[in-house]
Amino acid sequence: MTRRDFFKHTLKGLGGIVLAQGLGEIFRPVAGQASLKPVRWVFLVDTYKCIGCGFCVKACKLENEIPFEANVSRTWVERYVVTKERKVFADTPKEARNGFTTGKVDLGMGRYRDIKNNEIEKAFFVPKLCNQCDKPPCVQVCPVGATYKTGDGITLVDREWCIGCGYCIMACPYGMRFIHPVIHVAEKCNFCYHRITQGKKPACVLACPVSARRIGNLKDAVDPVSKVILTQRVETHKGEYGTKPQVYYIGLSVEVR
Amino acid sequence: MHVFRPLIVVLALAGTILIVRNFIVPSDFGVHESGYMYGWYRKSNEGEWKAVKVKYQGKEYCQDCHAESDQQVRSSRHNLIECENCHGPALEHPSNPAKLAIDRGRELCLRCHTHLAYPTSKRSEISGIDAESHNPGGDCVGCHNPHQASKPH
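Residues numbered from 1 in each chain as written. Chains lettered and ligands numbered in written order. Predicted model: local features only at pLDDT ≥ 70, side-chain atom pairs only at ≥ 80, totals over all residues. Heavy atoms only, no water.

In this section: the overall build of chain B. Assigned secondary structure in chain B consists of seven helices and two strands. Relative to the globule expectation of 15 Å for 153 residues, the C-alpha radius of gyration of chain B, 29 Å, shows a markedly less compact shape. With the C-alpha coordinates aligned to their principal axes, the bounding extent of chain B is approximately 100 × 40 × 30 Å. Taking all 153 residues of chain B together, the buried fraction comes to 25%. Just so you have it, chain B exposes about 10200 Å², and 62% of that area is on carbon and sulfur atoms. Computed over 17 positive and 17 negative side-chain charges, the separation of the two mean positions in chain B equals 5 Å. (Helix = DSSP H or I, 4+ residues; strand = E, 2+ residues; numbered from the N terminus. Rg over C-alpha atoms; globule rule 2.2 N^0.38 Å. Buried < 20%, exposed > 50% of the residue type's maximum accessible area, 1.4 Å probe, protein only. Areas by Shrake-Rupley, 256 points an atom, 1.4 Å probe, with all protein chains shown as cover. Lys, Arg positive; Asp, Glu negative; His and termini not counted. Charge placed at Lys NZ, Arg CZ, Asp CG, Glu CD.)

Laid out in structure tokens, this is it:
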């Protein structure tokens, strides 16, 4: 074989391989694409609709087996009462697992503030849950790889792998994480991953009587929740931290921390 | 020669750690979809989370057997409330549990029906009571039928 022939054969061979791969990329079977339907779970909260009944917190705790009487929860509801003198009172008595059954605002340490109706300028409820950030700081700090972001955007905790060091609890700017009182590993909201991957709504969304809480897929153009997020005016919590939170709020107010 | 002895010990130690690690770390532990920073984990854990048991089943699960109650609630303003909000999660009812623990307490009703006159919140539009003056301590279900949510009977 001459040198010229050697180069000819090599080039033909390489060309054939590259072409075959390129065609494979272009003519991929349609069935394969359908199974890879892109999903990015997002949440939409309408604070105008929320009535502070706390059924979401109750459902969450029972669905996800967080001891009901323990003062920790994957989700909670906050109440903000702003007076005409521009004073802000906020509380979330027992994470609102029993709702808001009194007008007295819990100031902590057993103190309550009874605010008269004519003193109130505005008052509203804000449900809180994990923001399933695009850039979750809680995942970055995990020293053992026990917490991670799935392909569909949910941050999960591996209970087998977690050593309970608590770094992630410190890292979350939203205070979403806590140590599970029974299992003693990091615990957090995961949009009820076992439900949404089966086509069911998260327990809090199901329990909400006024549709203040909704879940959607941001990568689905016809999804009603993505439509609201993309076409209406929505806001997220603490954007300044650069975590790219994916729980969107309608009617978020400056008082909300 | 004596200077190489510690080196051999260190190499043996490193080797042992690598061998042990090979057995302890599962084969599916590694970098996945979200990259090294956010996706370094044990892949089979996703399946473990997906396998968690569903407890809240939703209205559709109840309506076939409890058609009468379903119709009652449907025609009332409590239509928007899930059965399980008051009756508790269905789990695998009726096989397990056979009976659900119904919350008939006053506190349950007060979640929505304590009147809070909050402007900019829909809460103020729900017909509510002052819990301290409206039959304090009494059970709401003594006079009101939660399935028919209207005036007392």
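Alright, that's what it looks like, and here's the rest.
Before going further, it helps to examine the sheet that holds strand β6 (residues 120-128) of chain A. Paired through their backbone hydrogen bonds, the strands of a sheet run either parallel or antiparallel. All names here are of chain A. Taken in spatial order, the three strands line up as β3-β2-β6 in an open sheet, and their pairing is antiparallel. The two strands at the open ends of the sheet, each matched to only one other strand, are β3 (88-91) and β6. Geometrically, the sheet is characterised by an average inter-axis angle of 15° between neighbouring strands, direction not taken into account. Here strand β2 (residues 76-83) pairs with β3 via four bridges, running antiparallel. The residue of β3 that forms the bridge with Val82 is Val88. (Pairing = 2+ DSSP bridges. Axes fitted to C-alpha atoms, helices over the stretch in contact; angles between N-to-C directions.)

Residues of helix α7 (residues 106-113) of chain B that are buried: Arg106, Leu108, Leu110, Arg111 and Cys112 of chain B. Packed against the buried residues of α7 of chain B are α3 (55-63) of chain A together with α6 (83-87) of chain B. (Contact = heavy atoms within 4.5 Å.)

Our focus in this paragraph is the packing of aromatic side chains. All names here are of chain A. Inspection of every chain in the model, using the stated rule, returns nine aromatic pairs over all chains. With a centroid separation of 4.9 Å and an interplanar angle of 45°, the aromatic rings of Phe100 and Phe125 are classed as tilted. With a gap of 25 residues between them, Phe100 in the loop between β3 and β4 (104-108) and Phe125 in strand β6 connect regions that are remote in the sequence. In this pair, the class of Phe100 matches that of Phe125, namely buried. (Phe/Tyr/Trp six-rings, centres within 6.5 Å; stacked < 30°, edge-to-face > 60°.)

Counting residues in hydrophobic clusters, the biggest one holds 45 residues, and the most contacted among them are Phe43, Val77, Val81, Leu129 and Phe191 of chain A. Elements that contribute at least two residues to this core include exactly β1 (41-46), α3, β2, β6, α6 (193-196), α7 (203-207) and β12 (247-250) of chain A. Ranked by residues supplied to this core, first place goes to β6 of chain A with five residues. In this structure, Ile51, Ala59 and Leu206 of chain A together with Tyr56 of chain B belong to the second largest nonpolar core, which totals 11 residues. (Core = buried A, V, L, I, M, F, W, Y, C linked by side-chain atoms within 4.5 Å.)

Below, the discussion takes up a nonpolar patch on the surface. On the surface, a nonpolar cluster with roughly 680 Å² of combined accessible area is contributed by Met1, Val3, Phe4, Leu7, Ile8 and Leu11 of chain B. Counting through the fold element by element, Ile8 of chain B comes out in helix α1 (residues 4-24). (Patch = residues over 30% accessible without salt bridge, like charges linked within 9 Å, V, L, I, M, F, W, Y side chains within 5 Å. Salt bridge = Lys/Arg side-chain N within 4 Å of Asp/Glu carboxyl O.)

Every contact between the two is made by 46 residues of chain B and, on the other side, 59 residues of chain A. Around 4400 Å² of area is buried between chain B and chain A when both sides are counted, 59% of it from carbon and sulfur atoms. Sorting the residues of chain B by area buried against chain A places Tyr38, Trp49 and Arg111 of chain B first, and these three jointly supply 20% of that buried surface. Across the contact surface, chain B and chain A share three salt bridges. Here Lys55 of chain B ties to Glu65 of chain A by a salt bridge, and the two come within 3.2 Å at their closest N and O atoms. Summed over the shared surface of chain B and chain A, the number is 26 residue pairs in polar contact (both at pLDDT 80 or more). (Buried area = accessible area lost by both parts, 1.4 Å probe. Polar contact = N/O pair within 3.5 Å; in protein donor to acceptor, adjacent residues only side chain to side chain.)

Residues and elements named next belong to chain A. As summarised here, the arrangement of the three strands in space is β11-β1-β12, forming an open sheet in which the pairing is mixed. In this open sheet, the two strands that pair with only one neighbour each are β11 (213-217) and β12. Here the average twist between neighbouring strands, direction ignored, is 25°. With four bridges connecting them, β1 and β12 associate as parallel partners. Within β12, the position partnered with Val45 by the bridge is Tyr249.

Take unusual backbone geometry next. Residue and element names in this part refer to chain B. The omega torsion of the bond from His93 to Pro94 falls at 10°, within 30 degrees of zero and hence cis. By the secondary structure assignment, Pro94 is in the loop between α6 and α7. Omega for the peptide link from Asn96 to Pro97 comes to 0°, which places this bond in the cis form. Here Pro97 is to be found in the loop between α6 and α7.

Turning our attention to the domain arrangement of chain B. Structurally, chain B comprises domain 1 (4-50), domain 2 (53-102) and domain 3 (104-153). Once you take the C-alpha centre of each, domain 1 of chain B and domain 3 of chain B turn out to be 57 Å apart. (Domains from an automatic or database assignment.)

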